[in-house]
Amino acid sequence: MRTKLIFGNWKMNKTIAEAKAFATEAVAFDKFAKEHGVDIGVAPTFMSLAAVKEIAPELTVAAQNCHFADHGAFTGEVAIPMLKEVGIDWCIIGHSERRTYNGETNETCNKKIHALIDNDMTVIYCCGETLEQFEKGLTKEVINTQIREGLAGCCKCCLKHVVVAYEPIWSIGTGKNASTEIAEDICSYIRSIIKDMAGEEASENIRILYGGSVKPENIRAYLGQPDVDGALVGGASLKVESFKQLIENIL
Ligand code: PEP
């Protein structure tokens, strides 16, 4: 039985003060979610990670990226031991915005994923196709490559530390949702690739999220699909009220 997971990706939003205000309220609704068998988490900017974790120590808090090296001459980067020092044990890897604007590739994602797993961290690995690839019917080809290359070398034990998020790029922040049929089709396809790579147990246990314009009004339909174990949410995770509604609407 896979526990449902709702994760907020704050992207480059919220000052430290705003993040602290959210975290203060999150203590109660994190408890409420857990009591109802739902896991939740948020991914603030690097600036706010320590503050959010300090205010809400039980809340799952993820970085939005990391470097694969422990230290070194990598200006502007943040290393995994630095995240761990402030109590962060989750990290998003391969978000399409990082692939598009920061040159993230399946290979760099793979290095980061292995470094995170070696450090007992949990990874949310994002994959998803562009609108052009979707329209050309290339979605499964793209996803297959992203999953096999990004998760190369991950055994079934490693995959216990991995959550996959399927996020069609054309639906992120656009209000243009993938249908629940598409979400289920691709999430179940991802599960079948994991089965091929690491066996049935790994594929049955891994959590696969859908992301792309998920809102309180549509989250229930996505999470009603057998292979959709949760949601990675951008815009609708920013306001406390809307985040709470995401949880309430799936109970
Ligand atoms: C995201 O950034 O991962 C995302 C899914 O954004 P939104 O919910 O705003 O489409």
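As shown above, the structure is provided for reference.
Residues numbered from 1 in each chain as written. Predicted model: local features only at pLDDT ≥ 70, side-chain atom pairs only at ≥ 80, totals over all residues. Heavy atoms only, no water.

## Describing the environment of Lys-140
Logical step 1: The residue Lys-140 is located in helix α7 (residues 139-150) in this model.
Logical step 2: Residue classification places Lys-140 among the partly exposed residues on the basis of a relative accessible area of 33%.
Logical step 3: Taking the C-alpha atoms as reference points, Lys-140 and Tyr-189, 49 residues apart in sequence, are found 7.7 Å from one another.
Logical step 4: Leaving out residues up to four positions away in the same chain, Lys-140 has contacts with Asp-185, Ile-186 and Tyr-189. (Helix = DSSP H or I, 4+ residues; strand = E, 2+ residues; numbered from the N terminus. Buried < 20%, exposed > 50% of the residue type's maximum accessible area, 1.4 Å probe, protein only. Contact = heavy atoms within 4.5 Å.)

## Side note on the packing of helix α5 (residues 106-118) against α7
Between two packed helices, the angle of one axis relative to the other and the distance separating the axes together describe the packing.
Logical step 1: Where α5 contacts α7, the two axes come as close as 8 Å, and the packing angle between them is 40°. When the axes of α5 and α7 are compared, the pair comes out oblique. When you trace α5 past α7, the crossing you get is right-handed. Between α5, through Asn-106, Glu-107, Cys-109, Asn-110 and Ile-113, and α7, the contact on the second element is made entirely by Thr-145, Gln-146, Glu-149 and Gly-150.
Logical step 2: In terms of residue class, the contact of α5 with α7 is built from two nonpolar, five polar and two charged. (Axes fitted to C-alpha atoms, helices over the stretch in contact; angles between N-to-C directions. Parallel < 35°, antiparallel > 145°, perpendicular 65-115°, else oblique. Left-handed = near helix turned anticlockwise from the far one by under 90°. Nonpolar A, V, L, I, M, F, W, Y, C, P; charged D, E, K, R; others polar.)

## Comments concerning helix α11 (residues 240-248)
Logical step 1: When we look at burial in α11, the residues that qualify are Val-240, Ser-242, Phe-243, Leu-246 and Ile-247.
Logical step 2: Its buried side turned inward, α11 meets β1 (4-9), α1 (16-35), β2 (38-43), α10 (219-223) and β8 (230-233).

## A short note on the packing of aromatic side chains
Logical step 1: Inspection of every chain in the model, using the stated rule, returns eight aromatic pairs.
Logical step 2: On the basis of an interplanar angle of 25° and a centroid distance of 5.5 Å, the ring pair of Phe-7 and Trp-90 is categorised as stacked. Taken together, the residues span a long stretch of sequence, with Phe-7 in strand β1 and Trp-90 in strand β4 (residues 90-93) at a distance of 83 residues.
Logical step 3: For Phe-7, a relative accessible area of 0% gives the class buried.
Logical step 4: Owing to a relative accessible area of 12%, Trp-90 belongs among the buried residues under this scheme.
Logical step 5: Between the aromatic rings of Tyr-166 and Tyr-210, the centroid separation amounts to 6.3 Å while the plane-to-plane angle is 55°, which identifies the pairing as tilted. In this pair, Tyr-166 is assigned in strand β6 (residues 162-166) and Tyr-210 in strand β7 (residues 207-211), connecting sequence segments 44 residues apart.
Logical step 6: By relative accessible area, Tyr-210 is classed as buried at 0%. (Phe/Tyr/Trp six-rings, centres within 6.5 Å; stacked < 30°, edge-to-face > 60°.)

## Some remarks on the nonpolar core
Soluble, globular proteins show a tendency: their nonpolar side chains are buried together.
Logical step 1: Membership of the largest hydrophobic core comes to 68 residues, with the highest contact counts inside it found for Ile-6, Ile-147, Leu-151 and Ile-190.
Logical step 2: With seven residues, helix α8 (residues 180-198) is the largest single contributor of residues to this core.
Logical step 3: Not counting chain neighbours up to four residues away, the residues in contact with Leu-151 comprise Asn-110, Ile-113, Tyr-125, Gln-146, Leu-159, Val-162, Val-164, Ile-194 and Met-197.
Logical step 4: Ala-62, Ile-124, Cys-126 and Val-163 belong to the second-largest nonpolar core, a separate cluster that totals 12 residues. (Core = buried A, V, L, I, M, F, W, Y, C linked by side-chain atoms within 4.5 Å.)

## Topic: helix α2 (residues 46-55)
Logical step 1: Listed as buried for α2 are Ser-48, Leu-49, Ala-51, Val-52 and Lys-53.
Logical step 2: Elements that come into contact with the buried residues of α2 comprise α1, β2, β3 (60-63) and α3 (80-85).

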